[in-house]
Amino acid sequence: MKLVMAIIKPFKLDAVREALTELGIQGLTVSEAKGFGRQKGQTEIYRGAEYVIDFVPKVRLDLVVDDDQVDSVVEAIQQAAHSDKIGDGKIFVLEVAQAMRIRTGETGNDAL
Amino acid sequence: MKLVMAIIKPFKLDAVREALTELGIQGLTVSEAKGFGRQKGQTEIYRGAEYVIDFVPKVRLDLVVDDDQVDSVVEAIQQAAHSDKIGDGKIFVLEVAQAMRIRTGETGNDAL
Amino acid sequence: MKLVMAIIKPFKLDAVREALTELGIQGLTVSEAKGFGRQKGQTEIYRGAEYVIDFVPKVRLDLVVDDDQVDSVVEAIQQAAHSDKIGDGKIFVLEVAQAMRIRTGETGNDAL
Amino acid sequence: MRQTTSRVTTLGTAILAAGVMGFAPDVAWAADAKLNGGNTAWILTATALVLFMTLPGLALFYGGLVQSKNVLSVFMHCFTIACLASVLWLFGVYSLAFDDGGATNAVIGGLGKAFLSGVSFETLSGDIPESLFFMFQMTFAIITPALIVGAYPERMRFSAVLWFSALWLIFVYAPVCHWVWGGGWLAEMGVFDFAGGLVVHATAGVSALVLVKMLGNRQGFPTHLHPPHSPGLTMAGAAMLWVGWFGFNGGSALAAGGSAAMAITVTHLSAATASLVWVFIEWKKFGKPSLVGIVTGTIAGLATITPASGFVGPIGGICIGLAGGFICYYAVGLVKEIWKLDDSLDVFAVHGVGGILGTLLVAVFAAEGLGGAGFGEDGTMGGQFVTQVIGVVATVAWSGVATLVICKVAGALGGGLRANDDEITEGLDLSYHGERDYNF
Amino acid sequence: MRQTTSRVTTLGTAILAAGVMGFAPDVAWAADAKLNGGNTAWILTATALVLFMTLPGLALFYGGLVQSKNVLSVFMHCFTIACLASVLWLFGVYSLAFDDGGATNAVIGGLGKAFLSGVSFETLSGDIPESLFFMFQMTFAIITPALIVGAYPERMRFSAVLWFSALWLIFVYAPVCHWVWGGGWLAEMGVFDFAGGLVVHATAGVSALVLVKMLGNRQGFPTHLHPPHSPGLTMAGAAMLWVGWFGFNGGSALAAGGSAAMAITVTHLSAATASLVWVFIEWKKFGKPSLVGIVTGTIAGLATITPASGFVGPIGGICIGLAGGFICYYAVGLVKEIWKLDDSLDVFAVHGVGGILGTLLVAVFAAEGLGGAGFGEDGTMGGQFVTQVIGVVATVAWSGVATLVICKVAGALGGGLRANDDEITEGLDLSYHGERDYNF
Amino acid sequence: MRQTTSRVTTLGTAILAAGVMGFAPDVAWAADAKLNGGNTAWILTATALVLFMTLPGLALFYGGLVQSKNVLSVFMHCFTIACLASVLWLFGVYSLAFDDGGATNAVIGGLGKAFLSGVSFETLSGDIPESLFFMFQMTFAIITPALIVGAYPERMRFSAVLWFSALWLIFVYAPVCHWVWGGGWLAEMGVFDFAGGLVVHATAGVSALVLVKMLGNRQGFPTHLHPPHSPGLTMAGAAMLWVGWFGFNGGSALAAGGSAAMAITVTHLSAATASLVWVFIEWKKFGKPSLVGIVTGTIAGLATITPASGFVGPIGGICIGLAGGFICYYAVGLVKEIWKLDDSLDVFAVHGVGGILGTLLVAVFAAEGLGGAGFGEDGTMGGQFVTQVIGVVATVAWSGVATLVICKVAGALGGGLRANDDEITEGLDLSYHGERDYNF
Ligand SMILES: Nc1ncnc2c1ncn2[C@@H]1O[C@H](COP(=O)(O)OP(=O)(O)O)[C@@H](O)[C@H]1O
Ligand SMILES: Nc1ncnc2c1ncn2[C@@H]1O[C@H](COP(=O)(O)OP(=O)(O)O)[C@@H](O)[C@H]1O
Ligand SMILES: Nc1ncnc2c1ncn2[C@@H]1O[C@H](COP(=O)(O)OP(=O)(O)O)[C@@H](O)[C@H]1O
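Remember, predicted model here, so these are calculated numbers, not experimental data. Position numbers for residues count from 1 along each chain, tracking the sequence in the order it is written. Labels are handed out in written order, letters beginning with A for the chains and numbers beginning with 1 for the ligands. Only residues with pLDDT of at least 70 get local features here, since the model is predicted, and only at 80 or more are side-chain atom pairs given and counted; chain-wide, interface and lining totals rely on the full set of residues. Water and hydrogen atoms play no part in the side-chain values, which are based on all heavy atoms of the structure.

Asker: Can you help me understand a nonpolar patch on the surface in this one?
Answerer: Note that patches include only residues with greater than 30% relative accessible area and no salt bridge, and the join distances are 9 Å for like charges and 5 Å for nonpolar side chains (Val, Leu, Ile, Met, Phe, Trp, Tyr). Using a 1.4 Å probe, the Shrake-Rupley method yields the accessible areas, and only the shown protein chains count as cover for residues. We count a salt bridge whenever a side-chain nitrogen from Lys or Arg sits within 4 Å of a carboxyl oxygen from Asp or Glu. Taken together, the side chains of Trp163(D), Met214(D), Val401(D), Leu404(D), Val405(D), Val409(D) and Leu413(D) define a hydrophobic patch exposed on the protein surface, amounting to about 580 Å² of accessible area. Relative to the elements of secondary structure, Leu413(D) occurs in helix H13 (residues 381-413). Strands here are runs of E lasting at least two residues and helices are runs of H or I lasting at least four, both read from the DSSP assignment and numbered beginning at the N terminus.

Written out as structure tokens, the structure reads:
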């Protein structure tokens, strides 16, 4: 099993969720995040003064998938999340040693 | 060392924290998250219209533990967090390569 | 590649970001978190009653870096984030199997 | 005190009737009118209360119902419309509504009072300063286009909002206000509209529907909407609207007396009743009475009593509240589920339907036997009802048709009515105003 | 102007005294009373101000003090109680409180004014419209049961809240209001309660304690509570309460004159003083004066001055503020730490203790030598103090006993008083109202 | 009604002029003055409205503009200052401002009215109760030091805030208020300051600048600031300020008549105009008109019209709004970018510049030909302008010098003006008040 962790633009969340649902993904977890990167933060102007917002709002997706789903999941996310503008975000993949479904105690792939 | 990452229902947090404290766990980190899964989101009704809340509020626990504590930690979380209703969440275990306590610079198991 | 995950005190964020920028780090992701640890939570007093805040506000940094940068990154974070007071937080390092830049589809170190 | 027609015969009743009709008697004619301090004190207060309804009342009420990425844009709409309407009111709209229109007075007022020309510190309107009458009526001209904000949040271009609101104030609000309160043809017929069932709520409600038709629904409507981001904000706004409505309906008496007192009494009773109706419908249907529900009921009760507020007694207040609560509740479903129109925050279902319903019901509950103020010396319930129906039909028709044209013009002037998809997805707060709320 | 007893002898003072006592002189008797525009203007305003205290003032004040998962339920309690109390007030409670009760008038009024029967646009109460007097007093009947919301948040069933509040209004508020302001036995004795130390604060405070005893404490009380989720919300609510209290105490003069003016003066001074007392106690004890602390002091100062507000001068205002600040501060600890009663938002410690304290202190500071309005022609400080003590004892006893019975009945009718543990853990917002606040 | 000088000649105009000048005629002299109910009703209301401006209006306005870790400290500043100023006002500051100062009356009042000594329920000031005049003026004494909170948020020690505000009230506010409204030398010269362009806005604005110079800028100023954490909160506060300003300017007429009515008219028009000016400048410069921008324009328009509000007509209102919008906009940049002074929430640029600008412009727009109230019998525009300039220079000079000294003293008494870096980094909410907002 692998953990796919994706940092995306917030308003791409719906599109990504739909793309993953189409792949048959049944579960994922989302959290709010702020990103610092090449995008360099927006400038907001209040009363004529510029405020550099170092951290840009992002959404972070964590989903654990079966090893053989990883590639299609990564691709689906990349397709759905990219806008070709700087700051589209990243996808990271990490190895998962074990998984358990809390409700049933099932483990391994059954838990996903 | 292992990272135990658990996605649980928010109101189970106190119970889980207590269970872990009983096991002697000294530290953990919590963040807010939203889950998408079989639970399928609540329906909230405003002015007669149904709103499907795709993402259900969850709490995410991250705690790094010694290898030989992993099983008891996972079991303690599962016991404390399950309500036997759909949406109870998941526990994932990942390998951790290194840990450091910022205050002292200690590393490895001493850092936990 | 490695994922460096650091739990720090919120008001150290600016210092850490600057230290990492100096190292040439180009990207990182931040999220809000709450920590439970030896620090044992603040006590806030409302109308004479003590409220024990079990969970203390923390900030969580996730950044994926090239293997040979890990040590300097960990050290930079530790230096910038420590205040020598209890509750300064932890740094964990996890192995990353794959990375992709969403905008371009680049993978591996190029994606960072 | 039987203030039932706009046909003014004596000075004494003129001033009272002015209250009832929102009609400013010619000061030159009422040569020996004197300023009344008590009435002036009350209308000063009422003016502040009605301004408070829009800023921040309505802004918070609407702002809580949208997504957090659009909340500032809703605030911005309400605030900017308030400023724009104020300036236009001085520049000529007040005059169009309340000045004597001469030969065409039946349909529209003149421009003699543009820039308050001829109005000095001492000029009276009835027994209060004319500048105060101007201000009190201005607060109505502010809230009416702001009500329509509820139809188009989360998707309308900011420049289109401004053009639309300005044109609408001139071409819908001014004439209808003149017809009903400014001595126009509906006033001549003796239509009853104490505080704006027709002038405020019916105009805004109908125009909301037409605008939605032109603008299109929100992305994801009706199946994939986001719930109100802050019911608490909405409650705070609704509470301010309720309190401010005492100025709206009570102030429309233009005097601190029995008429104002009974107006706030029935206003309050209608609001409370309609709120409870909404609670009990939701409780019965879904098992969960909601905060958004109860406050929607409040606004429905307030809108419905508005035209009737100076004409009916407490029993009338309760009955109109019952009717307003029930009918507006089902109207919400009708618009969104049957007509599939995304009148997003239910301007038509709550204000339009409420205002029209109250305008019709006043013909029943104004009856003296039901505790009302009666139909005047030679009025009858039947006759009044016919007048009310004519008022409704005319207001609905004019609002609808004029709004259609205004949408075309505003779209042309404002670079299209609708924001593009990227702007909408990013949220109007950032895309149009470069700000975001809630930076914790 | 020495308005010190409820024994009315001339028409002129009758109207003033009506203000002082909140007592409506019989209009038929005051045959040539005429409407006073200035007074009417002020009471219209005061009515809006007192409604504003509950909606949204009190709702925000309380809402900020609970957990974010229960904030909407607190808003819902305040809002629904406001609606329910309004309707019940019309249906008979106003009449029970203020109508002549004939043979049993000492203890309760009659039902002759249920549905405002016989009250038309012209009917006066003193020199203001009776419908206005009805409305002004209604706003007190709204806020009083809403104050008790602070005793039971985060754990009471919604249906039990409604049953409890309705029964409480009828069986506690109506009789005590009649005793003190409606010409009942305490009014006959000449008790001083300008704006509701007994009628509002003592009744609500004592009943809060009894209800908590029946309902049980919150989970985790007293060691594992969650801190107020938004002190800022609480500040906003407290500020609105403060401003609205000008209408509460100033309006209780029922006239725009020296009595109202002095009432708001001493009200304001007491609030400011008690706030500073709270700040300095916290600063001294913990090193950190808090926002929640200062605004709690404000409310304590306001509650304490309430019964005294029309009777004392500025020095009295300061002294009563000092006393209110200190004593309420220590009362909070007494209830929670010694008695271990989870009167969650300190209804008894702040309102109950404040109201009782002020009711007793007025017997001191009403002395003319201390700048007060005196004790009437044959009154003395000692005599007045005895009367005040009797008033307190009677109010406390009746509120306590009646609330005990009401809890049983409300529990039976509402399916138990207390929500079950799952509902509580999930939060009342979702479990009872299907909503959540703060969807960012 | 030509109320143009403070030289009072007849009782009738005395009362009106008292309104214009905020000057309380000697009650003994005005032997047969009688209480006016309408005026009293309006000033009771206005007092509530002006209190509402500070609590919660200004608190929310400022609170939304800071970081979320400092929002409670801003609320705390506003709230505590309000309490402190109230108590000091009773203890002697009112007397210093409005009592007859005998030989030194030109520069400062006496202490004869400390503790409202000699003021009973019946004492009148003009035709309203003196206690009411005291309260109405108190609300001005509350908001003025609270305005300065905008200069020092996020970094000033809490105890220094209290010392500074108390000393400032006594040594800056009291004398300037006496000069202009209390019969001092500027009143003698006939300076026009209807509602506080000098007394409130110029004093606060100038002192803000001096204080910033002494205190130092925020960390990261000007390049690394955090944006306003909640523009929505700021909007809500601005809206409350706007509504409350009707009481501020309209109440300064001290009567419910044509002067109050015209004052709120021009106040509103100026606010609306300046708001639109700010919107259009931002739209043109950055493409994004912002909510923070429009409401800043509102406050600029309100501050600018304040000194002029009872003297000018609608056209004057519009023109002053235009000037206020433009000039305050550029003043913001001047202070922060050129002078590099972190007057964090633009107290000088908005209030100081606005108040001074309006004080000068009133000499133009009070001309009868421009719809104003004229310059009195022997006044001329030129002469008035000179008087206004003298008023501005004196107020600016005194505020600046006195504040410099007060800063030294307050720093010494309060343990330094500035919080240490750790406290600032942690946020003042936790470090000084032990609380945090927004615990979701
Ligand atoms: N090395 C990294 N580790 C963790 N998160 C990163 C890293 N680099 C970038 N990110 C995240 O991805 C987001 C987008 O990166 P950015 O460099 O702005 O643009 P792009 O991905 O288009 O090159 C950042 O805002 C940050 O949240
Ligand atoms: N594959 C997954 N990866 C990450 N998080 C998941 C995954 N599947 C489920 N979750 C999280 O677990 C929560 C519960 O899952 P759900 O399918 O609703 O119920 P259950 O765990 O009872 O089968 C989800 O809301 C989501 O937050
Ligand atoms: N084993 C752990 N796993 C995950 N997070 C931890 C762990 N131990 C501590 N933390 C995080 O680090 C923070 C600081 O830890 P704490 O024990 O309070 O102080 P210190 O790091 O100085 O020993 C905690 O608040 C928590 O967020």
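Alright, that's what it looks like, and here's the rest.
Asker: What exactly am I supposed to notice about the interface of chain D and chain F here?
Answerer: When the parts come together, some accessible area is lost, and that loss is often what is quoted as the size of the interface. With 54 residues of chain D at the contact, the number on the chain F side is 58 residues. Summed over both partners, the accessible area lost on bringing two parts together, with a 1.4 Å probe, is the buried area. Taking both partners together, chain D and chain F bury about 4200 Å²; carbon and sulfur atoms supply 80% of that area. One can count zero salt bridges joining chain D with chain F. Under the rule applied, a polar contact is a pair of N or O atoms within 3.5 Å (in protein, one hydrogen donor and one hydrogen acceptor; residues adjacent in sequence only if both atoms are side-chain atoms). Counting the contacts that link chain D with chain F gives eleven residue pairs in polar contact (both at pLDDT 80 or more). The leading source of residues in the side of chain D that touches chain F is helix H2 (residues 37-63) of chain D, at 14 residues. In the scheme used here, Gly and all other residues not listed as nonpolar or charged are polar, with Ala, Val, Leu, Ile, Met, Phe, Trp, Tyr, Cys and Pro taken as nonpolar and Asp, Glu, Lys and Arg as charged. Its residues assigned to classes, the side of chain D that touches chain F shows 36 nonpolar, 14 polar and four charged. In what follows, a contact means two residues having at least one pair of non-hydrogen atoms within 4.5 Å.

Asker: How should the packing of helix H3 (residues 71-98) of chain D against helix H8 (residues 231-251) of chain F be read in this particular structure?
Answerer: Between two packed helices, the angle of one axis relative to the other and the distance separating the axes together describe the packing. Inter-axis angles, ranging from 0 to 180 degrees, are taken between N-to-C directions of lines fitted to C-alpha atoms, where helices are fitted over the stretch in contact. H8(F) packs onto H3(D) with a crossing angle of 25° between their chain directions and a minimal axis gap of 10 Å. By the criterion of interaxial angle, the relationship of H3(D) to H8(F) is roughly parallel. The way H3(D) lies across H8(F) gives a crossing that is left-handed. Residues Leu72(D), Phe75(D), Phe79(D) and Cys83(D) of H3(D) form the contact with H8(F), whose own contacting residues are Pro231(F), Gly232(F), Met235(F), Ala239(F) and Trp242(F). Considering only residue class, the contact of H3(D) with H8(F) consists of eight nonpolar, one polar and no charged. Roughly parallel means an angle under 35 degrees; roughly antiparallel means over 145; roughly perpendicular covers 65 to 115; every other angle is labelled oblique. Take the far helix as your reference; a near helix turned counterclockwise from it by less than a right angle gives a left-handed crossing, and one turned clockwise gives a right-handed crossing.

Asker: Quick question: what am I supposed to make of the environment of Leu61(C) here?
Answerer: Residue and element names in this part refer to chain C. Along the chain, Leu61 falls in strand E5 (residues 56-65). Here Leu61 falls in the buried class, since its relative accessible area comes to 1%. For the pair Leu61 and Leu28, spaced 33 residues apart in the sequence, the C-alpha separation amounts to 6.9 Å. The residues contacting Leu61, other than those within four sequence positions of it, are Val4, Met5, Ala6, Ile8, Leu13, Val16, Leu20, Leu28, Thr29 and Val30. Only protein chains enter the accessibility calculation, which uses a 1.4 Å probe. A residue is then buried if its area is under 20% of the maximum for its type, exposed if over 50%, and partly exposed in between.

Asker: Any chance you could explain the relation of the copies chain D and chain F here in plain terms?
Answerer: Both copies of the chain are placed relative to one another by a rotation about an axis and a shift along it. To superpose the copies, least squares is applied to the C-alpha atoms of every residue with a pLDDT of at least 70 in both. Of the two same-sequence chains, chain D is brought onto chain F (RMSD 0.0 Å, axial shift 0.0 Å) by a rotation of 120°. In symmetry terms, the pair is related by a three-fold rotation axis. The C-alpha atom lying nearest the rotation axis in chain D is that of Gly38(D); the distance is 2.3 Å. Counting the interface residues of chain D, we find that no more than 13% of their copies in chain F are interface residues as well, pointing to two distinct contact surfaces.

Asker: So what exactly am I meant to see when it comes to the site of ligand 1 here?
Answerer: A molecule or strand has a residue near it when one of that residue's heavy atoms lies within 4 Å. Around ligand 1, 21 residues are found, and the nearest of them are Arg38(A), Gly87(A), Thr29(C), Arg101(C) and Arg103(C). With respect to ligand 1, the chains having nearby residues are chains A and C. The backbone of Arg38(A) places a nitrogen or oxygen atom 2.7 Å from an oxygen atom of ligand 1. One nitrogen or oxygen atom from the side chain of Thr29(C) is found 2.7 Å from an oxygen atom belonging to ligand 1. Relative to its unbound accessible area of 550 Å², ligand 1 is 99% covered by the protein chains. Elements with a contribution of two residues or more to the shell around ligand 1: strand E2 (28-36) and strand E6 (90-95) of chain A together with strand E2 (28-36) and E5 of chain C. By residue number, the principal contributor to the shell around ligand 1 is E5(C), which donates three residues. Looking at side-chain class alone, the shell around ligand 1 contains seven nonpolar, seven polar and seven charged residues.

Asker: Could you clarify how one ought to interpret the pattern of salt bridges in this entry?
Answerer: Think of it this way: side chains of opposite charge can pair up when their charged atoms draw near. Applying the stated rule across the entire model yields 42 salt bridges over all chains. The salt bridge partner of Asp346(D) is Arg47(B), with a shortest N-O separation of 2.8 Å. In this pair, Asp346(D) is assigned in the loop between helix H11 (314-338) and helix H12 (347-365) and Arg47(B) in the loop between strand E3 (43-46) and strand E4 (49-52), connecting two distinct chains. Among the salt bridges present, the one from Glu130(D) reaches Lys113(D), with a minimum N-O distance of 2.9 Å. Taken together, the positions of Glu130(D) in helix H4 (residues 130-147) and Lys113(D) in the loop between H3 and strand E1 (124-125) put the pair 17 residues apart, joining distant regions of the chain. With relative accessibility at 24%, the residue Lys113(D) sits in the partly exposed group. Salt bridges sharing partners connect three or more residues here, namely Arg60(A), Asp62(A), Arg60(B), Asp62(B), Arg60(C) and Asp62(C).

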